[in-house]
Protein chains: 2
Amino acid sequence: MIKLADIAEQAGVSESTASRALANSPRISAVKRELIQRIALEAGYTVNQVARNLRVQSTKTLGLVIPEITNPFFPRLVQLIADSAIGAGYRLQLHLSGVSQESEGDCLAALREQRVDGVILVTSENGLVAREALSQMVAFGVPAVLLGWVSGEPPVDMVFGNDATGGYLVAKHFTDLGHRRVAILGAVPHRGPFDRLVGFRKGLMETPGVTEIVVPARTNEEVRLGIDHLLGLDKPPTAIFAYQDSLAAMACRCLRQSCVSIPEEISVVGFDNLELGTYLCPQLTTVDLSMEQMASCAVETLLGRLKTPSFRGGPNQIVIPPQLFVRESTSRPRSTQSIKKTPCEGASHCACD
Amino acid sequence: MIKLADIAEQAGVSESTASRALANSPRISAVKRELIQRIALEAGYTVNQVARNLRVQSTKTLGLVIPEITNPFFPRLVQLIADSAIGAGYRLQLHLSGVSQESEGDCLAALREQRVDGVILVTSENGLVAREALSQMVAFGVPAVLLGWVSGEPPVDMVFGNDATGGYLVAKHFTDLGHRRVAILGAVPHRGPFDRLVGFRKGLMETPGVTEIVVPARTNEEVRLGIDHLLGLDKPPTAIFAYQDSLAAMACRCLRQSCVSIPEEISVVGFDNLELGTYLCPQLTTVDLSMEQMASCAVETLLGRLKTPSFRGGPNQIVIPPQLFVRESTSRPRSTQSIKKTPCEGASHCACD
DNA sequence: TCAAGTATTGCAATCGATTGCGCAAATGAG
DNA sequence: CTCATTTGCGCAATCGATTGCAATACTTGA
């Protein structure tokens, strides 16, 4: 592979001159600069960033750690963060920590070895696993920002959605519509005072006589079981709050297979406002946490730390407000009678006719 | 940041010894090796990969270029490729070329500057845009493999799905069910003899008296218009072959809004077998091109070239066979009469009752 | 014509690791 | 006890670029 010395030789100048010419330094005469640039172009020369990075002690690269890319929540986040980072002149190095998160520490270690200039770490539902590794990293001068809630005192800047308010909005939506028996479908709460469940319950309590039932579920099968359980109750809920749109999607599928119509018999609300929700049938009412804001806040916060590493103020916390998107999957409860449980005949899919 | 020299000094040995000890070289006595490793661990030392990469002339990194991450087709591909690469001891550097692909060349250039050991380039619907940049890269000794079809003579190894056969399977499925008026929804063909449309038409022609109509569409609005157009025809098609599952999803949404039931009035088939299809209502019949195979073939081919760069056999072409997944969105055409075009009243969503 | 000032360019150190080669110490054989 | 081996370790070169400083060439004004 061709290197700077080759270009310098061809142009009959020193490496220093070649380097400066390619960097458009005004200290090089215009003729030589153009000559060198032309030679470099013709030779197909591209600077060796690994050598350059070593010399300038910076990689102009940001590390991004996310749990998994297959969860439909993350791709857009990645895209947005990538856009912001590239817009600011940084490359992105993506690492998948895995949903089990055993490798969150490995990712951080890899990023440190690569000498990335900064790190954005998106926590999974388990919260921050590699707290120690992260603290050590910032101690070594690599700024980081957390995206998502972590329990305890966060060691670094962090931006996260106000899930509690989101849950509150959902609860009010339910009670405003007249629902009095509601179910919560999803993982156990993990976001402390900002958890969706916290706000949801707060919202429910503002209306007397509302009962709630929690059905933990993460996988398709668990959702299936959970829904069956709910439908089998004496007094099934008239509304379901799914912790995430993907869970809501599974729930809708199960309900449909059980011939329960949405929202007539059961209202369903999701969380995250994924595009997926608009493909569902009916389109999903959900809570939106502006991902654009999340992404740009995270990147900007990180870049801020990068610009002035001296600025050692305590970790900031940026909270993104939620917004309820009411679509088709919620309505007033049809009646107080229990849901018919006999399987419908014929096609198991929906139709308008 | 702490470096090798610091460790060496603390241990009272030379840098060479420290380096070899950390690399578990047998040429270092066990006592010293463990001493040095302990010191490094306690000091929180991590090797500087950028220095190391420069010295060993390899980054152990593969570049992956995809058009966009928000298209639900790509996340799983990325995940699978990442798994394969990491399993083989390589890191992954992800670049998004953008759907417009203006930046495909930029991505390649960036990867070259970073001195990645190899590149996997996933083409967009436009095919290979940066052909020149790619050829130059391989000329400079960076092996690459293309994922997806390109027109003309491919300059490098390539793996792609046999879309034509996929299209053929769909066509046969349609004609077997008794459909005689079918529509194709999607972009214009771009994969030459392997295009979905080619095989689809071949399949249709094996049954006499089948008419086809092509409706180009990429965006939501275009789908909307296309569907409206189809429904407005004297004799609307009884089956739609959408070029991708995402298009099929949009089409289903539009049909639903127009109160056309699937599959009774119109059958719909997608392509790609995304998870999305199983959330649709009804669940989508679609064509699967084993993404696992795609990913592992691509990575293995690349690694093969990496191991024996001397092996300069002409570019290989690996073709992945498709498989039809019949689900709920297809059935026999109900009748030969045209679809009722009066909007249905009441809720615009589906229900089983 | 000479001094002062400016515009260009090159020398050489540097970033942090790896590794071929040589030297010294330890071991073993005769 | 001496010489040949083996074992353990360090010297110094190297990867490819950047950059402070010194050096040279070229202007300009007096």
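Structure: above.
Residues numbered from 1 in each chain as written. Chains lettered and ligands numbered in written order. Predicted model: local features only at pLDDT ≥ 70, side-chain atom pairs only at ≥ 80, totals over all residues. Heavy atoms only, no water.

J.: Teacher, can you tell me more about the protein's contact with DNA strand D here?
T.: The environment of DNA strand D is formed by 27 residues, the closest being A:Leu4, A:Ser19, A:Arg55, B:Thr17 and B:Arg27. Taking all atoms of DNA strand D within 4 Å of the protein, the share assigned to sugar and phosphate is 57%. At 2.8 Å, a side-chain N or O of B:Ser16 approaches a base nitrogen of DNA strand D. For DNA strand D, a base oxygen lies 3.0 Å from a polar atom in the side chain of B:Arg55. Broken down by secondary-structure element, the contributors of at least two residues to the surface near DNA strand D are helix H2 (15-22) and helix H4 (49-56) of chain A together with helix H2 (15-22) and helix H4 (49-56) of chain B. (Near = heavy atom within 4 Å. Polar contact = N/O pair within 3.5 Å; in protein donor to acceptor, adjacent residues only side chain to side chain. Helix = DSSP H or I, 4+ residues; strand = E, 2+ residues; numbered from the N terminus.)

J.: Where do I start with the protein's contact with DNA strand C in this structure?
T.: Taken together, 26 residues form the shell around DNA strand C, and within it A:Thr17, A:Arg27, B:Leu4, B:Ser19 and B:Arg55 come nearest. Backbone atoms, meaning sugar and phosphate, form 57% of the atoms of DNA strand C found within 4 Å of the protein. In this structure, a base oxygen belonging to DNA strand C sits 2.6 Å away from a side-chain N or O atom of A:Arg20. At a separation of 3.1 Å, a phosphate oxygen of DNA strand C approaches a polar side-chain atom of B:Lys3. Elements with a minimum of two residues in the surface near DNA strand C: H2 and H4 of chain A together with H2 and H4 of chain B.

J.: In this structure, what is going on with helix H5 (residues 74-87) of chain A? I would like to understand it.
T.: Residue pairs spaced three or four apart in an α-helix point in one direction, given the helix's 3.6 residues per turn. All names here are of chain A. The end-to-end C-alpha distance of H5 is 20 Å, a good match for the 20 Å that 14 residues give at a rise of 1.5 Å each. Phe74, Pro75, Leu77, Val78, Gln79, Leu80, Ile81, Ala82 and Ala85 are the residues of H5 that are buried. Where H5 ends, the next residue or the one after it, Gly89, has phi of about 85°, a positive value. (Expected span 1.5 Å × (residues − 1). Buried < 20%, exposed > 50% of the residue type's maximum accessible area, 1.4 Å probe, protein only.)

J.: Before we go on, may I ask you to explain the interface of chain A and chain B in this structure?
T.: By a widely used convention, the size of an interface equals the accessible area lost when the partners come together. Chain A puts 62 residues into the contact, and the matching count from chain B is 61 residues. The contact between chain A and chain B buries some 5700 Å² in all, and 58% of this surface belongs to carbon and sulfur atoms. Where chain A touches chain B, the interface holds two salt bridges. Residue B:Glu328 pairs with A:Arg256 through a salt bridge whose shortest N-O separation is 3.6 Å. If you look at where chain A meets chain B, you find ten residue pairs in polar contact (both at pLDDT 80 or more). Of all elements in the fold, only H4, H5, strand E2 (91-96), helix H6 (104-113), helix H11 (245-257) and helix H12 (276-279) of chain A reach the threshold of two or more residues within the side of chain A that touches chain B. When residues in the side of chain A that touches chain B are grouped by element, the largest group, six residues, is from H11(A). (Contact = heavy atoms within 4.5 Å. Buried area = accessible area lost by both parts, 1.4 Å probe. Salt bridge = Lys/Arg side-chain N within 4 Å of Asp/Glu carboxyl O.)

J.: Sorry, what's going on with the environment of B:Gly63 here?
T.: Residue and element names in this part refer to chain B. As for its position among the elements, Gly63 is in strand E1 (residues 61-66). Through-space distance from the C-alpha of Gly63 to that of Leu121 is 8.0 Å; in sequence the pair is 58 residues apart. Discounting chain neighbours no more than four positions away, the residues touching Gly63 are Gln93, Leu111, Val116, Gly118, Val119 and Ile120.

J.: In this structure, what is going on with the packing of H5(A) against helix H13 (residues 291-307) of chain A? I would like to understand it.
T.: Relative orientation and spacing of two packed helices are given, respectively, by the angle between their axes and the distance between those axes. Residues and elements named next belong to chain A. Close contact between H5 and H13 brings their axes to 9 Å; oriented N to C, the two are set at 45°. By the angle class used here, H5 and H13 are oblique. Helix-helix and strand crossings are classified by hand; for H5 and H13 the assignment is right-handed. Counting all contacts with H5, which are made through Arg76, Leu77, Leu80, Ile81, Ser84 and Ala85, the residues of H13 involved are Met291, Glu292, Met294, Ala295, Ser296 and Val299. Its residues assigned to classes, the contact of H5 with H13 shows eight nonpolar, two polar and two charged. (Axes fitted to C-alpha atoms, helices over the stretch in contact; angles between N-to-C directions. Parallel < 35°, antiparallel > 145°, perpendicular 65-115°, else oblique. Left-handed = near helix turned anticlockwise from the far one by under 90°. Nonpolar A, V, L, I, M, F, W, Y, C, P; charged D, E, K, R; others polar.)

J.: What is the right way to read the packing of helix H1 (residues 4-11) of chain B against H2(B) from this model?
T.: Residue and element names in this part refer to chain B. Remark: H1 packs on H2, axes separated minimally by 8 Å, with the N-to-C direction vectors making an angle of 100°. With respect to H2, the axis of H1 lies roughly perpendicular. Mapping the contact onto sequence places Leu4, Ala5 and Ala8 in H1 and Glu15, Ala18, Ser19 and Leu22 in H2.

J.: Whenever I open this one, the relation of the copies chain A and chain B confuses me. Can you help?
T.: Least-squares fitting of chain A to chain B yields an RMSD of 0.1 Å, with the superposition described by an axial translation of 0.1 Å and a rotation of 180°. Look at the turn and shift together and you get a two-fold axis relating the two. (Least-squares fit on C-alpha atoms with pLDDT ≥ 70 in both.)

J.: How should I be thinking about the sheet that holds strand E7 (residues 211-216) of chain A in this particular structure?
T.: Hydrogen bonds between backbone atoms are what pair the strands of a sheet, whose relative direction is either parallel or antiparallel. Residues and elements named next belong to chain A. Overall, parallel pairing links the four strands, which are arranged E7-E6-E8-E9 in an open sheet. Only two strands of the sheet have a single neighbouring strand rather than two, namely E7 and strand E9 (267-269). Mean inter-strand twist for the sheet, computed between neighbouring axes without regard to direction, equals 20°. Pairing of strand E8 (residues 239-242) with E9, which is carried by three bridges, proceeds in the parallel orientation. Residue pairing in the sheet places Phe241 in a bridge with Val269 of E9. Here helix H8 (residues 163-177) sits on the sheet and contacts strand E6 (181-186), E8 and E9; the angle it forms with E8, its principal contact strand, is near 170°. Along the sheet, helix H9 (residues 196-205) makes contact with E6, E7 and E8, crossing E6 at roughly 180°. (Pairing = 2+ DSSP bridges.)

The values reported here are purely geometric and, on their own, carry no functional implication.
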